[in-house]
Amino acid sequence: MANERNVPRWLRIGIPVVLVLVWLVGGAIGGPYFGKVDEVAINDRSAFLPSSADATQVNDRLSEFLGDDSIPALVVASGDGKLTEEQLTELGDLAAGLADIDAVAGEVSPAVPSEDGEAVQIFVPLDAEADVADAVTGLREHLAEQAPDGIETWVTGPAGFSADLVEGFLGIDGLLLGVALIAVFIILVIVYRSPLLPVLVLLTSVFALCVALLTVWWLAKAGVVVLNGQVQGILFILVIGAATDYALLYVARFRESLASGQRRWEATMSAWRGAFEPILASGGTVIAGLLCLLLSDLATNRALGPIASIGIVFAMLSALTFLPALLALTGRAAFWPFAPKPDSIGIPDDFTKPVKGVWPRQARFVSRHPRAVWIVSTLVLLVACFGVTQLKADGVPSSDLVLGESQARDGQAELAEHFPGGSGSPVYVIVPEDELAEGVEVLLDNDGIDSVAAASEDSPNGQAAVEVTGGEAVFTAMGPPGTPAPAPTVSEGDVLLIATLTDTADSIAAEDVVRELRTDLEDALGSGVLVGGETATDIDTNDTSIRDRTLIIPIILLVILVILILLLRSLLAPVLLIGTVILSFGSALGVSALVFNGIFDFPGADPAVPLYGFVFLVALGIDYNIFLMTRVREESLTHGTRQGILRGLVATGGVITSAGLVLAATFAALGVIPILFLAQLAFIVAFGVLLDTFIVRSLLVPALSYDIGRAIWWPSKLWRNDIGPRKVVAGAEPAPEVDDAPGVTAAGDARTTRRSLRRR
């Protein structure tokens with residue numbers, strides 16, 4: 001142990017001061033980057049698809065056929081009943097004037113009336129280089145000011161939905177962080193009953209986030225990682241939650257050291273040694289699980305792995321350097337007005353007798369009924385797992401990604417009432433020029449396609465309607481009789497066909513049509529045909545997510561199992577711990593499915609939701625088992641396995657429960673962002689963490705371990721060998737070991753001095 005008298009005073013003060021200054025500088029540099037994330041963020045779903053996906057290849061080639069890169073916006077306008085000639089004229093003038101808006105790139109279509117005469121649609125190409133949210137906002141404001149009296153307008157289509165999605169993420173920098181930090185602060189004040197300690201813990205989390213964000217921002221700027229609003233929100237919550245958890249573990253060790261009578265520097269070194277291994281193991285486990293996401297084909301998943309891992313690294317560094325430095329400078333004052341007192345930790349020596357305190361009582365309860373406790377806990381969790389069968393995680397319409405109000409969603413509904421549902425979000429098909437007619441026939445033969453056109457630079461609106469007559473493609477000219485028919489634009493021997501769906505582009509029916517088209521086109525023309533567009537992007541994204549989920553989840557389990565084996569030096573304990581966490585995840589997912597369907601009435605879930613939930617629940621859930629079992633192993637070396645389990649439960653009960661509440665609160669804060677994916681992830685992880693905290697870690701794992709006894713450490717030395725000296729009275733025969741007896745005591749009294757105690 002580091003004796004305070006052997007360390008010069010200038011070092012005892014200088015080292016903490018230097019560490020604090022380093023973190024202050026890092027936080028000061030990284031803090032301003034909270035307002036600059038949108039400069040490097042990308043929210044286009046097609047940008048996250050693998051380069052091999054059809055939708056990606058089509059998207060990369062669209063500019064060859066349609067001219068400059070643009071994002072299509074669709075303006076829908078309608079009034080009360082059929083539009084008058086005067087209104088149609090005014091809407092035509094309105095469409096012509098849209099070309100003067102700065103963000104508009106290319107030709108704006110004329111106002112196209114619906115067959116029922118009650119609405120018009122206008123196709124507006126927006127500059128892909130412009131900020132889509134600002135461009136759509138400007139377009140909406142212009143329409144609101146210039147629309148004729150009695151006419152209501154909406155901006156929908158890909159640009160409209162992207163803008164609504166970006167707007168949904170706007171609260172990440174302020175609202176999300178504010179809610180998370182306030183929730184954590186309230187919990188810490190209740191737990192520690194101190195005004196200063198919660199501030200020190202929050203500083204640890206906030207400065208870790210500042211430095212992590214600084215690092216991630218520059219990596220995204222350099223194109224090393226892809227950052228979007230979804231990854232950004234998860235990064236913020238993960239760093240705050242993880243850094244606070246690690247800080248709580250260090251605080252618990254520091255408090256124990258002070259309570260044992262150690263002075264400030266001695267307590268700092270003792271706490272650091274005690275917290276280093278579990279924090280490193282916990283963070284390493286989370287990082288290993290997150291880095292498994294690099295195996296994903298989706299860029300957003302691959303980005304989350306290293307980005308979140310960077311956050312965990314700085315969370316660990318902050319908890320092992322910044323917080324120890326702060327507590328080394330403040331000492332007992334950090335806990336004011338309830339400074340630690342000798343023996344305030346309160347771990348009983350004898351659990352066979354009545355004890356005081358929540359966790360000693362919990363430990364005594366587990367020791368008296370271990371088998372009943374773990375069997376009942378397991379059955380309860382298994383029942384909850386049956387809800388997984390009700391989980392609908394095969395994708396949701398893009399119109400449902402934003403919770404609450406969405407003008408794009410309302411506009412799409414209005415569009416579907418008067419026009420083909422797929423207007424504004426067509427299916428793009430790239431076919432060889434010499435097979436153009438065959439491709440058009442396949443498209444028109446499908447009942448899900450309303451009309452087909454070809455990209456044509458000769459046409460005023462960039463498209464030429466096409467049909468097949470006598471086996472030849474015939475293009476329809478726009479304009480007065482005698483106007484030459486436009487020719488399709490040809491690039492590298494290919495032509496772009498533009499097919500309008502009868503159903504809305506993000507519907508299940510539209511997805512079925514696109515899947516049919518891919519099969520029919522391949523059968524008719526071979527594998528060289530590419531099908532893209534918004535619907536195809538959704539299909540490829542969902543299919544890739546399901547593939548990732550199937551591949552990555554088993555790999556994460558295997559990686560974490562290996563880490564636990566190395567950490568606990570056992571085979572049985574890691575397998576059981578992995579099993580309990582899987583059971584907890586299944587229960588959380590089952591209950592979540594019932595809540596999503598029966599209470600929130602969500603339309604479904606993205607296929608990535610179970611994967612993300614698994615990554616965070618298994619990686620973070622195993623944290624608490626690591627905190628518990630590393631302490632149990634430490635206590636078992638001195639007191640025997642069963643006594644070590646009870647002592648470990650008491651020693652870690654408060655800190656792990658506090659950490660669980662903090663982590664659940666931080667992830668629950670994701671629910672304030674009106675994005676379906678984040679709301680679902682928030683509930684799954686928050687509920688799952690609470691299950692881990694109050695059932696798995698507090699009841700199931702201790703009871704199961706206690707019932708198994710020292711075999712839990714098989715095949716390590718802790719299982720094979722007697723641990724610690726025997727206490728034998730001279731002349732007395734050694735008694736059988738008592739580690740397998742319920743309520744085994746740590747120290748013998750007058751009635752046990754004639755028995756030898758063997759410790760495991």
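Residues numbered from 1 in each chain as written. Predicted model: local features only at pLDDT ≥ 70, side-chain atom pairs only at ≥ 80, totals over all residues. Heavy atoms only, no water.

S.K.: Give me the nonpolar core: which residues, what numbers.
M.R.: Ranked by internal contacts, the top residues of the largest apolar core, which has 162 residues, are Tyr 246 and Phe 616. Of the residues forming this core, the biggest block, 19 residues, is contributed by helix α8 (residues 229–259). Tyr 246 has contacts with Ile 279, Ser 282, Gly 283, Val 286, Ile 312, Ala 315, Met 316, Ala 319, Asp 623 and Phe 627, leaving out every residue within four places of it along the chain. By size, the runner-up hydrophobic cluster in this structure holds 32 residues, among which are Val 440, Ala 499, Ala 510 and Val 513. (Core = buried A, V, L, I, M, F, W, Y, C linked by side-chain atoms within 4.5 Å. Buried < 20%, exposed > 50% of the residue type's maximum accessible area, 1.4 Å probe, protein only. Helix = DSSP H or I, 4+ residues; strand = E, 2+ residues; numbered from the N terminus. Contact = heavy atoms within 4.5 Å.)

S.K.: An account of the packing of aromatic side chains is requested, with residue identities and associated values reported.
M.R.: The full count for this structure, using the stated rule, is 19 aromatic pairs. Judged by centre distance (5.8 Å) and plane angle (25 degrees), the rings of Trp 23 and Phe 322 are stacked. With Trp 23 in helix α1 (residues 9–30) and Phe 322 in helix α10 (residues 299–330), the pair connects residues that are 299 residues apart, well separated along the chain. Here Trp 23 and Phe 322 have matching classes, each one buried. Plain terms: the ring middles of Tyr 33 and Trp 217 are 5.0 Å apart, the flat faces sit at 70 degrees to each other, and that makes the pair edge-to-face. Placement of Tyr 33 in the loop between α1 and α2 (54–66) and of Trp 217 in helix α7 (residues 197–221) is noted, with a sequence separation of 184 residues between them. Each of the two residues, Tyr 33 as well as Trp 217, counts as buried. A connected cluster of aromatic rings, assembled from ring pairs, spans Phe 596, Phe 600, Phe 602, Phe 683 and Phe 687. Residue placement shows Lys 36 over the ring face of Tyr 33; its charged tip is 4.3 Å from the ring centre. (Phe/Tyr/Trp six-rings, centres within 6.5 Å; stacked < 30°, edge-to-face > 60°. Lys NZ or Arg CZ within 6 Å of the ring centre and 35° of its normal.)

S.K.: Which residues make up the side chain of Asn 446, and what values go with them?
M.R.: Note on placement: Asn 446 falls in the loop between α14 (436–444) and β6 (449–455). Here Asn 446 is in contact with Val 513, Glu 516 and Leu 517, once residues within four sequence places are set aside.

S.K.: Explain the packing of helix α18 (residues 608–639) against helix α19 (residues 641–668) residue by residue, including any values.
M.R.: It is the contact of α18 with α19, at a shortest axis distance of 7 Å, that shows an interaxial angle of 155 degrees. Between α18 and α19, the angle is such that the two are roughly antiparallel. The two elements α18 and α19 meet at a crossing, and its hand is right-handed. Its residues assigned to classes, the contact of α18 with α19 shows 13 nonpolar, 8 polar and 3 charged. (Axes fitted to C-alpha atoms, helices over the stretch in contact; angles between N-to-C directions. Parallel < 35°, antiparallel > 145°, perpendicular 65-115°, else oblique. Left-handed = near helix turned anticlockwise from the far one by under 90°. Nonpolar A, V, L, I, M, F, W, Y, C, P; charged D, E, K, R; others polar.)

S.K.: Explain the side chain of Ser 377 residue by residue, including any values.
M.R.: Within the fold, Ser 377 resides in helix α12 (residues 370–385). According to the relative accessible area criterion, Ser 377 is buried, its value standing at 8%. Ser 377 has contacts with Ile 695, Leu 699 and Leu 700, leaving out every residue within four places of it along the chain.

S.K.: Summarise the sheet that holds strand β3 (residues 119–127); cite the residues concerned and give the values.
M.R.: Read from one edge to the other, the open sheet built from 4 strands follows the order β2-β3-β1-β4, with strand pairing classed as antiparallel. Because the sheet does not close on itself, it has two edges, and the strands there are β2 (112–113) and β4 (152–156). Where strand β1 (residues 70–78) meets β4, 5 bridges bridge the pair, whose relative direction is antiparallel. Residue Ala 77 lies in a different strand from β4, and its bridge partner there is Thr 153. Relative to the sheet, helix α4 (residues 132–146) contacts β1, β3 and β4, its axis offset from that of β4 by approximately 165 degrees. On the sheet, helix α5 (residues 157–168) packs against β1, β3 and β4 and is oriented at approximately 95 degrees with respect to β1. (Pairing = 2+ DSSP bridges.)

S.K.: Hey, could you go over helix α16 (residues 534–568) for me, with residue numbers and the actual values?
M.R.: Between its terminal C-alpha atoms α16 stretches 49 Å, which fits the 51 Å expected from 35 residues at 1.5 Å a residue. Residue Ile 552 marks the point of greatest curvature in α16, where the axis turns by about 25 degrees; the proline Pro 554 follows within four residues. Within two residues after α16, Arg 569 carries a phi angle of roughly 55 degrees, on the positive side. (Expected span 1.5 Å × (residues − 1). Bend = angle between axes of the 7 residues up to and from the residue.)

S.K.: Account for the pairing of strand β8 (residues 472–475), naming residues and giving values.
M.R.: Here 4 bridges tie strand β7 (residues 463–469) to β8, and the two strands are oriented antiparallel to one another. By the bridge assignment for β8, Val 468 is matched with Ala 473. Connecting β7 to the antiparallel partner β8 that follows it, the hairpin turn spans 2 residues, and Gly 470 within it adopts a positive phi of roughly 60 degrees.

S.K.: Describe a nonpolar patch on the surface, and please don't skip the residues or the numbers.
M.R.: Judged by side-chain polarity, Ile 182, Phe 185, Ile 186, Val 189, Ile 190, Leu 196, Val 199 and Leu 203 come together as a nonpolar surface patch covering roughly 630 Å² of accessible area. If you list the elements that add at least two residues to the nonpolar patch, you get α6 (172–192) and α7. Examining the composition of the nonpolar patch, we find that 5 residues originate from one element, α6, more than from any other. Summarising the element assignment, Ile 190 is placed in helix α6. (Patch = residues over 30% accessible without salt bridge, like charges linked within 9 Å, V, L, I, M, F, W, Y side chains within 5 Å. Areas by Shrake-Rupley, 256 points an atom, 1.4 Å probe, with all protein chains shown as cover. Salt bridge = Lys/Arg side-chain N within 4 Å of Asp/Glu carboxyl O.)

S.K.: Tell me about the pattern of salt bridges, and please be specific about residues and values.
M.R.: Following the criterion strictly, the structure yields 13 salt bridges and no others. Where Arg 515 meets Asp 543, a salt bridge forms, and the shortest distance between an N and an O atom there is 3.0 Å. Of this pair, Arg 515 sits in helix α15 (residues 508–525) while Asp 543 sits in helix α16; the two residues are 28 residues apart in sequence, bridging distant segments of the chain. Arg 515 sits in the partly exposed class, given a relative accessible area of 38%. Overall, Asp 543 belongs to the partly exposed group, its relative accessible area being 34%. In this structure, the salt-bridge partner of Arg 631 is Glu 635, at a minimum N-O distance of 3.0 Å. Taken together, the residues span about one helical turn, with Arg 631 and Glu 635 both in helix α18 at a distance of 4 residues. Using a relative accessible area of 6% as the deciding quantity, one classes Arg 631 as buried. Taking the relative accessible area as the measure of exposure, Glu 635 reaches 8% and is therefore buried. Linked by salt bridges that have partners in common, Arg 61, Glu 64, Glu 492 and Asp 494 make up one network.

S.K.: Please provide a residue-by-residue account of the packing of helix α9 (residues 264–291) against α18, values included.
M.R.: As a packed pair, α9 and α18 sit with axes 9 Å apart at the nearest point and diverge in direction by 160 degrees. Of the possible angle classes, the one that applies to α9 and α18 is roughly antiparallel. Note on packing geometry: the crossing formed by α9 with α18 is right-handed. Contacts between α9 and α18 pair Pro 278, Ala 281, Ser 282, Thr 285, Val 286, Gly 289 and Leu 290 from the former with Val 615, Phe 616, Ala 619, Leu 620, Ile 622, Asp 623, Ile 626, Phe 627 and Thr 630 from the latter.

S.K.: I'd like a description of α19, backed by residues and values.
M.R.: Largest kink in α19: about 50 degrees, centred on Gly 653. Within α19, 25 of the 28 residues are buried, leaving the element largely enclosed by the surrounding structure.

Read these as layout, nothing more, since geometry by itself doesn't imply function.
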